[in-house]
Amino acid sequence: MAWRSSFCCFLLVALLFSNNNGCEAADSSENKAEIYELKRGNFSVKFTNFGATMLSIVLPDKNGLHFSLSLGFNDTTYFGSIVGRVANRIGKSQFTLNGTVYKLVPNNGKNSLHGGPKGFSEVLWKVYSYNKDSHITFTYDSFDGEEGYPGDLSVSVTYFVIGTNKIAVKMVAKPLNKATPVNLALHTYFNLAGHNSGDILSHKIQLFAPEITPVDSELIPTGKITPVKGTPFDFLEPREIGSRIKEVPGYDINYVLEDLKSGHLKRAAIVKEDVSGRKLELWTNQPGVQFYTSNMLHDVKGKDGFIYQKFAGFCLETQGFPDSVNHPNFPSQIVNPGETYMHIMVYRFTAS
């Protein structure tokens, strides 16, 4: 079965790099928040142009029950949003590029988180193209100096539904006049038993990542890259999320994916939930994945009025390494004019 999964991934990459032909015309959604749906049979994914956000994923479990696998929607927790211009944290909200010190707008103590107080998750995107049977493309023009970042940046995010159980995401960014860091991420919270089913501690996860980038007390990387083998961060073999979580407590760390060549699609994670029989598989072309277990959720009102608590969902945010702009030993996130940033993710859902 491994060869079959790999073959499917190569086909998906070919599709993601192709142009979107036969698309419906763009609408006027840049003036207001709207909801859009991609649907194939019993497989439904909903989005909004506010934050280019994925609102819900609905498809049957092993018993034929339909429910949303993703948490949402709340303006303060990035549920399902695209975050940037640089996802994750930048220490002391500053970095130096080509001899210039850029000071960002802090929103996480003295640090910058997910692009600042009004990052990409907090703006209205335009709908560039939309076909309810196949894809939706959102675009955003980030201006020079927005949240402190240099240069104008043209950004697009396309969500594809493939068959009746796959979602592919293509994030593209092009600097227009200045070099700038770019690190986009999709901040979806998953609970494979259903968004309103409780905690995710019994989910079994396998991460194809032999190392992490450890952090300090403010969750800023120290610059080191350390092996996970034998530690509470070791998910090289499948085990329950909650099996060693009290030793951490709670996961919020960047994992270094194994043998990841730039531009190649690689399996990052597998997550299973026994009651629903659901399995999520994730592929990406990025070097890292942030594994987060919603440690900060507390009495957060979600969709359908459900109240989310700590450990209500997990995030797998494929990405460049956090605070890379301040750690020369990390893979660079600097993109120059004439270059293109491209970030690909593929989710495959099954139930048995």
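Bear in mind that the values here come from a model prediction, so they are computed numbers and not experimental data.

Conventions adopted
- Residues numbered from 1 in each chain as written.
- Predicted model: local features only at pLDDT ≥ 70, side-chain atom pairs only at ≥ 80, totals over all residues.
- Heavy atoms only, no water.
- Core = buried A, V, L, I, M, F, W, Y, C linked by side-chain atoms within 4.5 Å.
- Buried < 20%, exposed > 50% of the residue type's maximum accessible area, 1.4 Å probe, protein only.
- Helix = DSSP H or I, 4+ residues; strand = E, 2+ residues; numbered from the N terminus.
- Polar contact = N/O pair within 3.5 Å; in protein donor to acceptor, adjacent residues only side chain to side chain.
- pLDDT = per-residue confidence, 0-100.
- Contact = heavy atoms within 4.5 Å.
- Pairing = 2+ DSSP bridges.

Peer 1: Account for the nonpolar core, naming residues and giving values.
Peer 2: Of all hydrophobic cores here, the largest spans 62 residues; its most connected members are Ile 57, Trp 125, Tyr 159, Tyr 255, Phe 291, Leu 316 and Tyr 347. When residues of this core are assigned to their parent elements, the largest contribution, five residues, is made by strand S12 (residues 153-162).

Peer 1: Break down the environment of Ser 129 for me, citing the residues and quoting the values.
Peer 2: Secondary-structure assignment places Ser 129 in strand S10 (residues 126-131). We classify Ser 129 as buried; its relative accessible area is 2%. Looking at Ser 129, its side chain comes within polar contact range of the side chain of His 135, at 3.3 Å.

Peer 1: I'd love a proper account of the confidence of the model for the chain, names of residues and values included.
Peer 2: In this model, the chain carries a mean pLDDT of 90, and residues with pLDDT of at least 70 account for 88%. Taken together, the stretch residues 1-8 has pLDDT below 50 and engages in two contacts with residues farther than four places along the chain or on a different chain. Overall, residues 21-25 carries pLDDT values under 50, and its contacts beyond four positions in sequence, including any with other chains, amount to nine contacts.

Peer 1: Report on the pairing of S10, specifying residues and quantitative values.
Peer 2: Pairing analysis gives five bridges linking S10 to strand S11 (residues 135-142), with the strands arranged antiparallel. Each residue of the ladder has a partner; that of Ser 129, found in S11, is Thr 137. Adjacent in sequence and paired antiparallel, S10 and S11 are bridged by three residues.

Peer 1: Could you give an account of the pairing of strand S1 (residues 35-40), naming the residues involved and the relevant values?
Peer 2: Of the pairings in the sheet, the one linking S1 to strand S2 (residues 43-48) comprises six bridges and is antiparallel in character. Note that in S2 the partner of Ile 35 across the bridge is Thr 48. Hairpin connection between S1 and S2: a loop of two residues separates the two successive antiparallel strands, and Gly 41 in this loop has a positive phi of roughly 60°.

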